[in-house]
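Notes for the structure review
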Amino acid sequence: MQLSEQELVRRQKLEKLRALGINPYPADLFPVNHTSKQIKSDFEEGKQVIIAGRLMAINIQGKASFAQLQDSEGRIQVYFNRDEICTGEDKSLYNDVFKKLLDLGDFVGIEGTLFTTQVGEKTVMVKDFKLLSKALKPLPIPKQKDGKTYDAFTDPEMRYRQRYADLVVNPHVKEVFVKRTKLFNAMRQFFNDAGYFEVETPVLQPIPGGAAARPFTTHHNSLDIPLYMRIANELYLKRLIVGGFDGVYEFSKNFRNEGMDRTHNPEFTAMEIYVSYKDYNWMMDFCEKLLEHCALAVNGTSEATFGEHKINFKAPYKRITMRDSILEFTGFDIYNKSEDEIRAAAKGMHIEVDETMGKGKLIDEIFGEKCEGNYIQPTFITDYPKEMSPLCKEHRENPELTERFELMVCGKEVANAYSELNDPIDQRERFEHQLKLAQKGDDEATEFIDHDFLRALEYGMPPTSGMGIGMDRLIMFLTNNQSIQEVLFFPQMRPEKKKVDLSDNEKAILEVLKAEKRMDLTVLKSKSGLSNKGWDKGIKGLGKHGLTKVEKTDDGLFVELV
RNA sequence: GACCAGUUAGCUCAGUUGGCAGAGCAUCUCCCUUUUAAGGAGAGGGUCCUGGGUUCGAGCCCCAGACUGGUCACCA
C-alpha cells in the first residue's frame, strides 16, 4: 500500500517514541476521573483532574502551547507549559515528545489543574501527560471560526464508509445516534411499563413470512435446506400470543433483497408488538401515546422539524378511513363500486393501471397517488381493502374491508397495525388467494403458505391487535434526516474497489521488457502494442514506481529494468 | 432502471481560448510562555476516477466505462 507523506512521518515518529522508551500503545489503564463536560459544569479554579481523549487542535507558541482535547462528551482546552511539565533541567518531554512527536488525533492522558486564561477560556494546566495511543492516519478535522465551519468532512460516501472518522470530527452525527438509542430505550420502557414482554424470534426462517418482499437466501449445511433471512417477524410473535403471552414485542432486524435508496437499506429495523384482547381502535390510542412519549424522550418536545415541515407528535392524531380520504382528494367514492368502475375512475385520474390489478390494488394505487402525500401531521388512515391485507381481520361492519390502520407522517408510512386475523380457516383461504395472485404474476403477493403458523392458529389465538413501526424512518423524522444512511451507523455500501498496483499498460510494457532487460525505446513501444497515450501513461507510471529507467545515449533512447 | 451533477494534494475546493498543476488548512524546518481558524519566515507533497480518441500539446474537447450523490420509477 502506498503511504502518504503524512502517514510516513507518523510512522517515523512512532519509531522515535519507541527509541525514547515510550510505548505508543501502552496496556495499563489510565485513571480518568473527569470528562470535558464535568470540568466545564463543575469548574473550580485550581482543582486537580485526570482526563483523557484525542488531541483535536494544537497551537504551539514556543515554550507554551494550547491544545484541544476531545473526549466522549466534548472538548476542553489544555495548556502545555514547558516549565510546568518539565520541572527539572531536562526539557525533552515538552520539546521533543510533545512538540515533535504528538499529532492531531493521538490519544493522550493528562493530569493537571484547572485555571482560566486571560481570554476567559476554562483550561487544564498540564502537569503531566502520557501518550495513550498514536494515530497513524490524519483525521479530516474541520476548522471553526465564529460558528462557521471550514473544510468540513462532508462527502457522504467517505462519511458512510469511514463512519469512525465521521463520528470523531462531526459531533452532530454522534448526536443522531445518541437520539436513536434514546428512542429505542424510550419505546422499550413504555412497553415494559405497560407490562409487555420483550422477546427474540428467529432471524433464519424456513419460510419467509409476514410481509411481501424478496428475501435473502442462505443454506444450512447440516440440515441441507435453504433458509431465509427474515423479512418480518409477525408470524412468530403471533405464535407466542397463541402460547399465552398477553403482550410481546421485538425490535427486529429485517432483511429485504431489494433496491437501495435514501429510504431503503437491505437491513433495517422494525418494531413489532402484539397485544391480546385488543383491537385496532385500542392500538391507535396506544400508538399516539407511544409516539408522543418517544418524541418527548428524544427531543424534549413533541414537536419535530422535518425538512420544510413542522410536525407535532402530540396525541391525539387525526383518523380518516381510506374511503373518506379518497373521496376528499379525488371526489370519487369507492363504496359499493365494482372493480371495473374503480379501474375506470383510476384511468380518469391519469393513474397507470393494468388488467392484473385487483380491486384492492387499484384502491391502493389511487390512495398512494392522490392522497398519501397530503398527510403531513401524524394521521391514521383506516380500513384498507381486504385483498391487500392477508393477515388482517375482516372489518366488523364491511366484509370488503379490513381492520387495519397505517400512520402517515409527512406522506410516509411510519406504523402499520391490524386487528389480527385469528380465524384459521379464513387465514388459510387468504394464503391460498395470495398464492393464486402470485401465480398470476402479482409480485407483491406472498408465494409461501406457512402451515405451521396455520396449525398454531388452529389451537386458537385470542383476539389480538398488532402493530409494526419502522424504527429507521421514525428516527429520521425525529432527527430531521432525509436519508436512512444518516441514521444507520454502517449503511450498506458497494464494496470498495481495490486499487491495482500496476495498470494494464504498465504490465504490458514490463512483460516485453522482462525478456531483454534493456531495450531501445521505440522498439519497446511498438512491441508493447499500446496506443500513444497508453504508452505514455504506462512508461511514466513505471518510472514513478522506480521499476524502469530511461537512458539517453548517442545511440538513442533506451529503457532499462532497475 | 431513467435523467441530472460530481470525481484534481491528507481535508475543503479553484483551475481562464487546450500551453510547466493552484489556494487555504494539514504536514516538515525555524521564531514565539495565556492562545483560540493564534501569528511570522521558509519547504515538501499530485495515477487531475479508468480506458480509448482528437491534437504538436488534454485536468479542460469527443467516446466508452467505474464509482458516488441527487431526482424520479420500483419497494404493503
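Whatever comes next refers back to the structure up there.
So, a few notes on the structure that sits alongside this text. (Residues numbered from 1 in each chain as written. Chains lettered and ligands numbered in written order. Predicted model: local features only at pLDDT ≥ 70, side-chain atom pairs only at ≥ 80, totals over all residues. Heavy atoms only, no water.)

Focus on helix α1 (residues 5-19)
Here is the rule: For the purposes of this entry, the term helix denotes a DSSP run of H or I that reaches at least four residues, the term strand denotes a run of E that reaches at least two, and both are numbered from the N terminus. Expected helix span is computed as 1.5 Å times (number of residues minus one). Residue exposure (1.4 Å probe, protein chains only): buried if accessible area is under 20% of the type maximum, exposed if over 50%, otherwise partly exposed. It is the directions from the helix axis to the C-beta atoms whose arc is reported.
If you check α1, its first and last C-alpha atoms are 21 Å apart, about what 15 residues at 1.5 Å a residue would give, namely 21 Å. What α1 keeps buried is the set E7, R10, K13, L14 and L17. Viewed end-on, α1 has its buried residues packed into an arc of 115°, placing them on one side of the element. Pointing more than 90 degrees away from the buried face of α1 are the exposed residues E5, K16 and A19. In the segment just after α1, G21 is the residue with positive phi, at about 85°.

Here we look at the packing of aromatic side chains
Counted only if it meets this: Note on ring pairs: Phe, Tyr and Trp rings are taken, using the six-membered ring of Trp, and paired if centres are within 6.5 Å. Classes follow the plane angle, with under 30 degrees stacked, over 60 edge-to-face and the rest tilted.
Applying the stated criterion across every chain yields a total of 23 aromatic pairs. Each ring, one from F66 and one from Y79, has its centre 4.8 Å from the other, and the planes form 40°; the classification is tilted. In this pair, F66 is assigned in strand β2 (residues 64-71) and Y79 in strand β3 (residues 74-81), connecting sequence segments 13 residues apart. Residue F66 shares its accessibility class with Y79, and that shared class is buried.

A look at the protein's contact with RNA strand B
Here is the rule we go by: To be near a molecule or strand, a residue needs just one of its heavy atoms within 4 Å of it. For this analysis, a polar contact is any N or O atom pair within 3.5 Å, provided that within protein one partner can donate a hydrogen and the other can accept it, and provided that sequence-adjacent residues contribute only side-chain to side-chain pairs. Each residue is assigned to one of three groups, with Ala, Val, Leu, Ile, Met, Phe, Trp, Tyr, Cys and Pro labelled nonpolar, Asp, Glu, Lys and Arg labelled charged, and all others, Gly among them, labelled polar.
The immediate surroundings of RNA strand B are formed by 54 residues, with K13, Q77, D83, V119 and H264 found nearest. Considering the 4 Å shell around the protein, atoms of RNA strand B inside it are sugar or phosphate in 51% of instances. A212 is positioned such that a nitrogen or oxygen atom in its backbone is 2.8 Å from a phosphate oxygen of RNA strand B. Within the contact set of RNA strand B, a sugar or linking oxygen lies 3.3 Å away from a side-chain nitrogen or oxygen of E413. Across the surface near RNA strand B, the residue classes break down as 16 nonpolar, 14 polar and 24 charged.

Side note on helix α13 (residues 424-440)
With 17 residues, α13 extends 24 Å from end C-alpha to end C-alpha; this agrees with the ideal 24 Å at 1.5 Å per step. The opening residue of α13, the one whose side-chain oxygen lies 2.9 Å from the backbone nitrogen of I425, is D423.

What about the pattern of salt bridges?
In plain terms, the rule: The salt bridge criterion pairs a side-chain nitrogen of Lys or Arg with a carboxyl oxygen of Asp or Glu, the two atoms within 4 Å.
This model, assessed by the stated rule, comprises 36 salt bridges. D28 is the salt-bridge partner of K130, the closest N and O atoms lying 2.9 Å from each other. Within this pair, whereas K130 is found in strand β5 (residues 122-133), its partner D28 is found in the loop between α1 and α2 (36-41), the two being separated by 102 residues in sequence. For R396, the salt bridge is made with D279, and the minimal N-O distance between the two is 2.9 Å.

What to know about the environment of I449
Assignment of secondary structure puts I449 in the loop between α13 and α14 (451-459). For the pair I449 and Q434, spaced 15 residues apart in sequence, the C-alpha to C-alpha distance is 9.0 Å.

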